Each structure stands twice: as structure tokens, then as C-alpha cells.
Amino acid sequence: MRQKTQPQQLHTDYPSECTTIIVGRQHTSDGSMIVARSEDWNAVLAKNLEIYEDTDHGPERFVALDSPFRCDLPKRALGYSALAPYHLHGHWGSAGFNSVGVGMSATESIFSSDRALEADPLVPDGVAENSVFNIVLPYIHSAREGVERLGSLIEMHGVAEGFGVGFVDSHEIWYLETASGHRWLATRIPEDQYFVTGNQSRFRKYDPKDHANYLASDDLIEFAIQHGLYDPTRGEFDFHEAYIRDVKLDTTYNYPRVWGLQAQLSPSIKNDVTKNTFPVFAQAAEPISISRLRQLFRFHYDGTDHDPYLHQNPKEVYRPVSIFRTTQTHLLQVRPELPQAIGCVNYVALGMADLSVFLPLYEGIRSYPKAYTKGTNESSHESAYWKFRKVQALGMVDYNRYAPIIKKVYADFEAETDQRQREMEEQYLAIYQTQPLHARDLLQAFSDHVLRSALEVTDQLIETLFTHLTIDIQAEYEFHGA
């Protein structure tokens, strides 16, 4: 039997990093609330779609597979959807909705200052990014409750690393940022603004008396004063200045993403990319749609001197939003006026968003085509994740030549899917109250059709790209002769 050649890099050779965009309900084009994030890790670690059912007999202990973290769990758990790495089933769920319509995006890697960690160190066996999603989402019934549960876990166990986490329900959006080993701050996202972050805490203000808009560790300010992290005589408490790292690396790795995205959405804001003076919350020039968010998560300083793909420059110092080792991008959308089954949608692009396609995953579906559940760390024609990865790998061979082909095919598919969604939702609304089982089957059939069609389109795209690549290689190595 022929032995398989194993890939050189299988697991955590690359850091887990992300970009987050959150939009309040008065700032979207349709009155929805959106929590969105791209997750960057290692391109060969396939993401698989998971669905869990409600249970009264869930595990009573969480045992992390890739860290020493352990914690007790309630026996009763809500069902939920997740996006997990192939080798960490039931871990690192990343994004999804639970069965009562609460959405969660976890996590955005952020970093506390050395001074803050000297006062309150990280805990090696504390809560880590691998566990946050799966120990919180199945046990909460609102976004606020998600913050409260995660905050109590942070205070009880400490954190092994810094992170930010978003929660959304039918009423509001909350975002939590860790401050140090056992401290944290969460803010209710303003309904008329948007929030952007890239691997760096963005919060500044905190009013401990305003319980409607802030939740935090009880001693967040007092601890900062006690340990010399904040001097009240110098002005208002600034969470970022007190607890968060701000170093030279941030000026090229994190600042440019916030600067670039805010420039896209709010051109009237004149930010200096070299200074961390970006507004925490901002108003866009126009209402933000799902279509606009797709564009933003494909952003790589397109057409500028800082575009690494157009200029074939992997050494570009400005880190783009869309990078090749992105494993998935999700747009969690809640439309409160609609039934939960279709009102909660997670738009997911597997792999690099710039050369991928966003697919709608409704809360009301109960299964996915098998191809979306069976990726590993090796390319396979049976895996949806790897089909999309093949397109992206081929596109990056000659981005200027092949990317336009990919983008055109996927843009057409997204436009057609958007229209089919509108038609399906009209049918669903017409029957769901009198024919709930028929409505459920209609939704499942739609989901199955879209996800399978995306694979068919991708298969054809792979063949088209291979044809072009063959022609191009032949032209380059012609050796024509006489």
C-alpha cells in the first residue's frame, strides 16, 4: 500500500487572529443587528459545520483537548450551531446561534499590557479561546446573560490569553474584552453606530453606574488605581490606557485594519494610520448591509500601494483583513421582526473571504450536506472546506489573472442566492403558522440546495482554473522548436 505523505505543518504553527465588525440595528440597511468576524489561523486546519441538539443530559465537565483548562457545566444545555476545527470537535466553536436565538462570536485575540499582567497575570490553565464558545453559548438565553456568564468564568478561573467576544439577541448586542488575568469590561453596542477591531482592545470609556450599557469586574477601576495602572488625578478612567498593550507591532498589524475599514465606511473621518486615535464607535456614511460587509471582509487595501496581492508582495507591512490563512468568516445577523428560524442567519465563507463565497446558514436548519462536516488537515474532494481551499490556492498562484475569474463566479452565485432567499422567506412566512412542519422542510430543502449548488459551482470553477493554468504554463514553457 502506498503511504501518504504527511503535511509539514499540521497544528498551531500559526497564531489565531481575527478582525471584528459589529453594526447596531439603526445603522443597518434593514434594521437587523450584525456581529461579524474573520478567523485567521492555519489554512490546512479545516473548519467543519456542527449542530448540537437541546439536551437535559449534557456533559457535566468541560475538558479542553488542547489546553489544561477544565470547568463544571450545567447538565441542561441548549442546542447550538458551531464552526469547529476538524481536530477539536466540540471545541473552538467560533460562531453560531443557540436554540433560543442568541448568537455568539468567539474570539478576537487581544493583548493586555505587561504592567497589567504583572499586577494580574494570565492563568495557564484558565479560560482560553479554545473553550469560550462551547462553555457559554449552550447555557445562555440573552446577550447580557452571555456577558454575565463569561465574566463569572473569567473571575473564577482566570484567562490563559486575552480575547474579545460578541453576543447578539433579538434586543441588543454586547461585546466583552478581557483586561488582565481575572478582569474584564463589556459594553452594549450603540444602536446607531458600528464597531471595528483587529487584534487589539478598543474600549475606552467605562461608567460603573451605567448598568444598562456597561458590565465589568467589580473592582476594575479600583484595581487599576491600586496597582498604578490609572491615576485619577490625570482625568477620566481610560480602559485601553490602563490595561491594554500598545506597541510598535500594533502600528502595522492592527492599526491599518481599523484605519482602512473606518475609511471605507466613514470617509469623513480623517484618521492617522500611525496613531491609535480611531473612534471606538463610528457612524457610516450609508446604512450597512450584508453585501457591504462581504466586501469589507474581502478588504486588502485594494488597488493601493499596500495591496499585497495585486503587487505580489507577501512582505507588505500592512496586514490586510482578508489573508490566505483565514479559516472562516461569519456574519451573524438577527432580524427581530421575523420568526427565529429565518430571522437568525449566519453567513459563512470558508477559507479566505476574498476568494470564497458567503453561504447563508439559518438557525432553523437541522443538518448540513456531509461535505461540510468532514474536512481534515489533508486536501480531499469529499470536503467542502477543501474544495473552497483549492479555488483559493489556485487563485493565489497568479492573483491578478485568476482572482477576477473567481470573484465573478462567486459574485453571481451570491446575487442569485440573495434573490432565492427573498423568495423562500416569502413562502416561509406565508405558511409557517398554519403549516409549521412544511415550513421547516421548506427551509431545510433551501439550505441543502444552496450548499450543494455552491459545491457544484466550485467544482466547475476548479476545472476552469486548471484549464487556464495549463494554458499559461504551456505558454511559459513552450520549447516550440523549429
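Please read these numbers as outputs of a predicted model, since none were measured by experiment. (Residues numbered from 1 in each chain as written. Predicted model: local features only at pLDDT ≥ 70, side-chain atom pairs only at ≥ 80, totals over all residues. Heavy atoms only, no water.)

What follows concerns the pairing of strand S8 (residues 103–109). With 7 of 7 residues buried, S8 lies mostly within the body of the structure. Note: strand S7 (residues 95–97) against S8, 3 bridges, orientation antiparallel. Across the sheet, Ala95 pairs through a bridge with Ser105, a residue of S8. Between S7 and S8, which pair antiparallel one after the other, the connecting turn spans 5 residues, and Gly101 there sits at a positive phi close to 90°. (Buried < 20%, exposed > 50% of the residue type's maximum accessible area, 1.4 Å probe, protein only. Helix = DSSP H or I, 4+ residues; strand = E, 2+ residues; numbered from the N terminus. Pairing = 2+ DSSP bridges.)

The next subject is helix H3 (residues 143–157). An ideal rise of 1.5 Å per residue puts 21 Å on 15 residues; H3 measures up with 21 Å between its terminal C-alpha atoms. Buried residues belonging to H3 abut helix H2 (132–136), strand S9 (163–168), strand S10 (173–178), strand S11 (184–188) and strand S13 (214–216). A positive phi of about 75° marks Gly158, the residue just after H3. (Expected span 1.5 Å × (residues − 1). Contact = heavy atoms within 4.5 Å.)

Along the chain, the position of Arg294 falls in helix H8 (residues 290–297). For Arg294, the side chain forms a polar contact with the side chain of Asp418, separated by 2.8 Å. Not counting chain neighbours up to four residues away, the residues in contact with Arg294 comprise Leu331, Tyr347, Phe358, Glu414 and Asp418. (Polar contact = N/O pair within 3.5 Å; in protein donor to acceptor, adjacent residues only side chain to side chain.)

Next up on the list: the sheet that holds S9. Across the sheet, 6 strands lie side by side as S7-S8-S9-S10-S11-S13; this open sheet has antiparallel pairing. For this open sheet the edge positions go to S7 and S13, each flanked by a neighbour on one side alone. Adjacent strand axes in the sheet meet at a mean angle of 15°, parallel and antiparallel pairs treated alike. With 3 bridges connecting them, S11 and S13 associate as antiparallel partners. What sits directly across from Ala186, in S13, is Leu215. (Axes fitted to C-alpha atoms, helices over the stretch in contact; angles between N-to-C directions.)

This part is about the confidence of the model for the chain. Summary statistics for the chain give a mean pLDDT of 95 and a share of 97% for residues scoring 70 or more. In this model residues 1–11 is a low-confidence stretch, pLDDT under 50, and it forms 16 contacts with partners more than four residues away in sequence or in other chains. (pLDDT = per-residue confidence, 0-100.)

Across the sheet, which stays open at both edges, the 7 strands sit in the order S14-S12-S1-S2-S15-S16-S17 with antiparallel pairing between neighbours. For this open sheet the edge positions go to strand S14 (281–282) and strand S17 (359–362), each flanked by a neighbour on one side alone. Strand direction decides the pairing type here: strand S12 (residues 194–197) and S14, joined by 2 bridges, are antiparallel. Among the inter-strand pairings, Phe195 is bridged to a residue of S14, identified as Phe281. Sitting on the sheet, helix H7 (residues 255–265) is in contact with strand S1 (17–23) and S12, with an inclination near 150° to S12.

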